[in-house]
Amino acid sequence: AMETAKPLKYRTSAQVMLNPLDKGVFSGLCDAAVQAQNPAFHSQLQADRFRTRFPGGESYYDLMCRLEPCVVEIESSLIPVVVVSHITTLQVLYCYFLGIPIEKCCDLQIPHSQIIQLVPTVGGALHEERFSVVTSDKETQDATTNLTSSPSTSRMESVGTLAFSILHTAAEERQSFARPEND
(Lines give C-alpha, C1' and ligand atoms only; values in the text may rest on other atoms or scores of the structure.)
Protein backbone atom coordinates (compact mmCIF):
# COMPACT_ATOMS: atom_id res chain seq x y z
CA ALA A 1 0.00 0.00 0.00
CA MET A 2 2.88 2.35 0.72
CA GLU A 3 4.11 1.78 -2.85
CA THR A 4 0.60 2.40 -4.21
CA ALA A 5 0.28 5.66 -2.26
CA LYS A 6 3.69 6.98 -3.42
CA PRO A 7 2.41 8.71 -6.63
CA LEU A 8 -0.07 10.70 -4.53
CA LYS A 9 2.82 12.75 -3.09
CA TYR A 10 1.31 12.66 0.39
CA ARG A 11 3.09 12.02 3.65
CA THR A 12 2.27 8.40 4.46
CA SER A 13 2.33 6.23 7.53
CA ALA A 14 1.90 2.48 7.80
CA GLN A 15 -1.01 1.30 9.92
CA VAL A 16 -1.01 -2.41 10.82
CA MET A 17 -4.70 -2.15 11.75
CA LEU A 18 -5.43 -1.63 8.03
CA ASN A 19 -4.10 -5.07 7.09
CA PRO A 20 -6.61 -7.22 5.19
CA LEU A 21 -8.80 -9.87 6.76
CA ASP A 22 -6.55 -12.67 8.02
CA LYS A 23 -7.90 -15.83 6.40
CA GLY A 24 -5.57 -18.05 8.43
CA VAL A 25 -5.02 -21.49 6.91
CA PHE A 26 -7.05 -20.42 3.85
CA SER A 27 -4.91 -17.37 3.11
CA GLY A 28 -4.54 -16.87 -0.64
CA LEU A 29 -7.24 -19.39 -1.58
CA CYS A 30 -10.28 -18.57 -3.68
CA ASP A 31 -13.78 -19.48 -2.55
CA ALA A 32 -13.84 -22.65 -4.68
CA ALA A 33 -10.52 -23.85 -3.20
CA VAL A 34 -11.82 -23.30 0.35
CA GLN A 35 -14.93 -25.31 -0.53
CA ALA A 36 -12.84 -28.14 -2.03
CA GLN A 37 -10.44 -28.20 0.91
CA ASN A 38 -13.02 -27.98 3.72
CA PRO A 39 -16.68 -28.27 2.68
CA ALA A 40 -17.95 -28.14 6.29
CA PHE A 41 -16.16 -24.87 7.01
CA HIS A 42 -17.25 -23.45 3.65
CA SER A 43 -20.89 -24.19 4.52
CA GLN A 44 -20.47 -22.45 7.86
CA LEU A 45 -18.83 -19.49 6.11
CA GLN A 46 -21.67 -19.24 3.60
CA ALA A 47 -24.22 -19.27 6.43
CA ASP A 48 -22.59 -16.34 8.27
CA ARG A 49 -19.69 -14.63 6.51
CA PHE A 50 -19.58 -11.80 9.05
CA ARG A 51 -19.10 -13.81 12.25
CA THR A 52 -17.42 -16.99 11.00
CA ARG A 53 -13.75 -16.94 11.97
CA PHE A 54 -11.26 -18.44 9.54
CA PRO A 55 -9.23 -21.23 11.23
CA GLY A 56 -6.03 -19.59 12.44
CA GLY A 57 -7.34 -16.21 11.25
CA GLU A 58 -10.14 -13.79 11.95
CA SER A 59 -13.74 -13.01 11.02
CA TYR A 60 -15.11 -9.83 9.48
CA TYR A 61 -16.37 -9.03 12.99
CA ASP A 62 -12.78 -9.30 14.28
CA LEU A 63 -11.64 -7.04 11.42
CA MET A 64 -14.32 -4.51 12.32
CA CYS A 65 -13.09 -4.45 15.95
CA ARG A 66 -9.49 -4.06 14.76
CA LEU A 67 -10.50 -1.07 12.60
CA GLU A 68 -12.19 0.90 15.42
CA PRO A 69 -9.05 2.93 16.29
CA CYS A 70 -8.60 3.67 12.57
CA VAL A 71 -12.17 5.00 12.35
CA VAL A 72 -11.58 7.21 15.40
CA GLU A 73 -8.40 8.59 13.81
CA ILE A 74 -10.16 9.31 10.49
CA GLU A 75 -13.14 10.95 12.20
CA SER A 76 -10.92 13.15 14.37
CA SER A 77 -8.82 14.39 11.45
CA LEU A 78 -9.37 18.00 10.44
CA ILE A 79 -7.88 17.44 6.98
CA PRO A 80 -8.73 15.00 4.17
CA VAL A 81 -7.50 11.45 4.74
CA VAL A 82 -6.58 8.97 2.01
CA VAL A 83 -6.85 5.30 2.92
CA VAL A 84 -5.01 2.83 0.68
CA SER A 85 -5.86 -0.72 1.66
CA HIS A 86 -7.10 -4.16 0.68
CA ILE A 87 -10.68 -4.84 -0.36
CA THR A 88 -11.77 -6.52 2.90
CA THR A 89 -10.62 -3.54 4.95
CA LEU A 90 -12.28 -1.07 2.58
CA GLN A 91 -15.55 -3.04 2.71
CA VAL A 92 -15.75 -2.54 6.48
CA LEU A 93 -14.75 1.15 6.37
CA TYR A 94 -17.15 1.90 3.51
CA CYS A 95 -20.08 0.34 5.39
CA TYR A 96 -19.24 2.30 8.52
CA PHE A 97 -18.98 5.68 6.83
CA LEU A 98 -22.08 5.23 4.67
CA GLY A 99 -24.19 3.78 7.47
CA ILE A 100 -24.66 0.45 5.70
CA PRO A 101 -25.36 -2.38 8.18
CA ILE A 102 -21.91 -3.78 8.95
CA GLU A 103 -23.08 -7.36 8.49
CA LYS A 104 -23.47 -6.58 4.77
CA CYS A 105 -19.79 -5.65 4.33
CA CYS A 106 -18.88 -9.18 3.20
CA ASP A 107 -21.05 -8.88 0.11
CA LEU A 108 -20.16 -5.29 -0.75
CA GLN A 109 -18.44 -4.76 -4.10
CA ILE A 110 -15.39 -2.49 -3.89
CA PRO A 111 -13.95 -2.15 -7.41
CA HIS A 112 -10.22 -2.44 -8.00
CA SER A 113 -8.31 0.47 -9.57
CA GLN A 114 -10.77 3.08 -8.40
CA ILE A 115 -10.81 5.99 -5.97
CA ILE A 116 -13.95 6.38 -3.90
CA GLN A 117 -14.26 9.92 -2.54
CA LEU A 118 -16.63 10.57 0.34
CA VAL A 119 -17.22 14.24 1.14
CA PRO A 120 -19.41 15.46 4.01
CA THR A 121 -22.39 17.59 3.05
CA VAL A 122 -24.59 19.91 5.07
CA GLY A 123 -26.62 17.81 7.48
CA GLY A 124 -23.96 15.14 7.94
CA ALA A 125 -24.59 13.04 4.83
CA LEU A 126 -21.72 11.97 2.58
CA HIS A 127 -21.51 12.68 -1.14
CA GLU A 128 -19.79 9.87 -3.05
CA GLU A 129 -17.80 10.14 -6.27
CA ARG A 130 -15.74 7.46 -8.00
CA PHE A 131 -12.69 7.97 -10.17
CA SER A 132 -10.86 5.42 -12.30
CA VAL A 133 -7.09 5.07 -11.81
CA VAL A 134 -6.49 2.69 -14.70
CA THR A 135 -3.13 3.31 -16.38
CA SER A 136 -2.67 0.55 -18.98
CA ASP A 137 -4.68 -1.75 -21.24
CA LYS A 138 -3.89 -4.75 -19.02
CA GLU A 139 -5.07 -2.86 -15.92
CA THR A 140 -8.21 -1.79 -17.81
CA GLN A 141 -8.91 -5.44 -18.64
CA ASP A 142 -8.15 -6.49 -15.03
CA ALA A 143 -10.38 -3.74 -13.63
CA THR A 144 -13.24 -4.72 -15.93
CA THR A 145 -12.87 -8.37 -14.94
CA ASN A 146 -12.84 -7.49 -11.24
CA LEU A 147 -15.87 -5.22 -11.55
CA THR A 148 -17.92 -7.97 -13.14
CA SER A 149 -16.76 -10.89 -10.98
CA SER A 150 -19.20 -12.42 -8.55
CA PRO A 151 -19.18 -11.35 -4.88
CA SER A 152 -18.12 -14.78 -3.65
CA THR A 153 -15.03 -14.95 -5.84
CA SER A 154 -13.96 -11.32 -5.64
CA ARG A 155 -13.93 -11.42 -1.82
CA MET A 156 -11.67 -14.46 -1.75
CA GLU A 157 -9.37 -13.23 -4.52
CA SER A 158 -8.75 -9.85 -2.90
CA VAL A 159 -5.62 -11.01 -1.08
CA GLY A 160 -2.81 -8.77 -2.26
CA THR A 161 -5.13 -6.48 -4.20
CA LEU A 162 -5.15 -2.79 -3.32
CA ALA A 163 -7.86 -0.21 -3.81
CA PHE A 164 -7.96 3.52 -3.18
CA SER A 165 -10.51 5.24 -1.00
CA ILE A 166 -10.50 8.89 -0.09
CA LEU A 167 -12.43 9.50 3.09
CA HIS A 168 -12.97 13.10 4.10
CA THR A 169 -14.12 13.10 7.68
CA ALA A 170 -17.19 14.82 9.03
CA ALA A 171 -14.78 17.08 10.98
CA GLU A 172 -13.30 18.72 8.06
CA GLU A 173 -2.14 -4.43 3.09
CA ARG A 174 0.53 -3.10 6.48
CA GLN A 175 -1.53 -0.39 4.90
CA SER A 176 -1.28 3.39 4.99
CA PHE A 177 -2.95 6.66 5.79
CA ALA A 178 -1.81 9.58 3.67
CA ARG A 179 -2.18 13.26 4.49
CA PRO A 180 -1.18 16.37 2.52
CA GLU A 181 2.41 17.48 3.09
CA ASN A 182 1.33 20.95 4.27
CA ASP A 183 -0.79 19.91 7.29
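In this text, all values refer to a predicted model and were calculated from it rather than measured experimentally. What you see as residue numbers is a count from 1 along each chain, following the sequence as written. It should be noted that, the model being predicted, local features are given only for residues of pLDDT at least 70 and side-chain atom pairs only at 80 or more, the latter also being counted only at that level, while totals for whole chains, interfaces and linings use all residues. Side-chain figures throughout are based on the complete set of non-hydrogen atoms in the structure, without hydrogens or water.

## A look at the overall build of the protein
- For the protein, the count of helices and strands is seven helices and six strands.
- Helix and strand assignments come from DSSP, with helices taken as H or I runs of at least 4 residues and strands as E runs of at least 2, each series counted from the N terminus. When the helices and strands of the protein are placed in sequence order, the string is α-β-α-α-α-β-α-β-β-α-α-β-β.
- Per-residue accessibility, obtained with a 1.4 Å probe over protein chains only, is compared with the maximum for each type, and a residue is labelled buried under 20%, exposed over 50%, and partly exposed between these values. Taking all 183 residues of the protein together, 42% fall into the buried category.
- To measure how exposed things are, a 1.4 Å probe is used in the Shrake-Rupley method; for residues, cover is taken only from the protein chains shown. Working note: accessible area of the protein is about 9200 Å², and carbon and sulfur atoms make up 54% of it.

## Quick look at the pattern of salt bridges
- Whenever a carboxyl oxygen of Asp or Glu lies within 4 Å of a side-chain nitrogen of Lys or Arg, that contact is scored as a salt bridge. What the rule picks out here adds up to four salt bridges.
- Salt-bridge contacts for Asp62 lead to Arg53; the nearest nitrogen and oxygen are separated by 2.6 Å.
- Look at Asp62 and you get buried, because its relative accessible area is 16%.
- Note that Glu58 is salt-bridged to Arg66, the shortest N-O span being 2.4 Å.
- The exposure class of Glu58 is buried, given its relative accessible area of 12%.

## What about the nonpolar core?
- Counting 31 residues, the largest nonpolar core has Tyr60 and Leu93 as its most contacted members.
- Contributions of two or more residues to this core are made by α3 (39–47), α4 (60–76), β2 (81–86), α5 (87–98) and β3 (114–120).
- Element by element, the count of residues in this core is highest for α5, at seven residues.
- Note on contacts: a residue pair qualifies if any of its non-hydrogen atoms lie within 4.5 Å across the two residues. Discounting chain neighbours no more than four positions away, the residues touching Leu93 are Leu18, Leu67, Cys70, Val71 and Val83. As used here, the term nonpolar core means buried Ala, Val, Leu, Ile, Met, Phe, Trp, Tyr and Cys residues forming a set that is joined through side-chain atoms within 4.5 Å.

## Here's the deal with the packing of aromatic side chains
- Classification of ring pairs rests on two measures: the distance between centres of Phe, Tyr or Trp rings, Trp counted by its six-membered ring, which must be within 6.5 Å, and the angle between planes, read as stacked under 30 degrees, edge-to-face over 60 and tilted in between. One pass over the full model with this rule turns up five aromatic pairs.
- On the numbers, 5.1 Å between centres and 15° between planes, the contact of Phe26 with Phe41 is stacked. With a gap of 15 residues between them, Phe26 in the loop between β1 (11–15) and α2 (31–37) and Phe41 in helix α3 connect regions that are remote in the sequence.
- Residue Phe26 is classed as buried on the basis of its relative accessible area, which comes to 2%.
- A residue is classified by how much of its surface remains accessible, and Phe41, at 7% relative accessible area, is buried.
- Look at Phe26 and Phe54: their rings are 6.5 Å apart centre to centre, the planes differ by 65°, and that puts the pair in the edge-to-face class. One end of the pair, Phe26, is in the loop between β1 and α2; the other, Phe54, is in the loop between α3 and α4, and 28 residues separate them in sequence. We note that Phe26, like Phe54, is buried.
- Through a chain of ring-to-ring contacts, the aromatic side chains of Phe26, Phe41 and Phe54 assemble into a single cluster.

## A word on the confidence of the model for the protein
- pLDDT is defined as a per-residue confidence score from the predictor, taking values between 0 and 100. Across the protein, the average pLDDT comes to 74, with 70% of residues at or above 70.
- Of all secondary-structure elements in the protein, the lowest mean pLDDT belongs to helix α7 (residues 151–156), at 30, while α3 reaches the highest, 96.
- Across residues 139–183, confidence stays below pLDDT 50; counting only partners more than four residues off in sequence or on other chains, it has 164 contacts.

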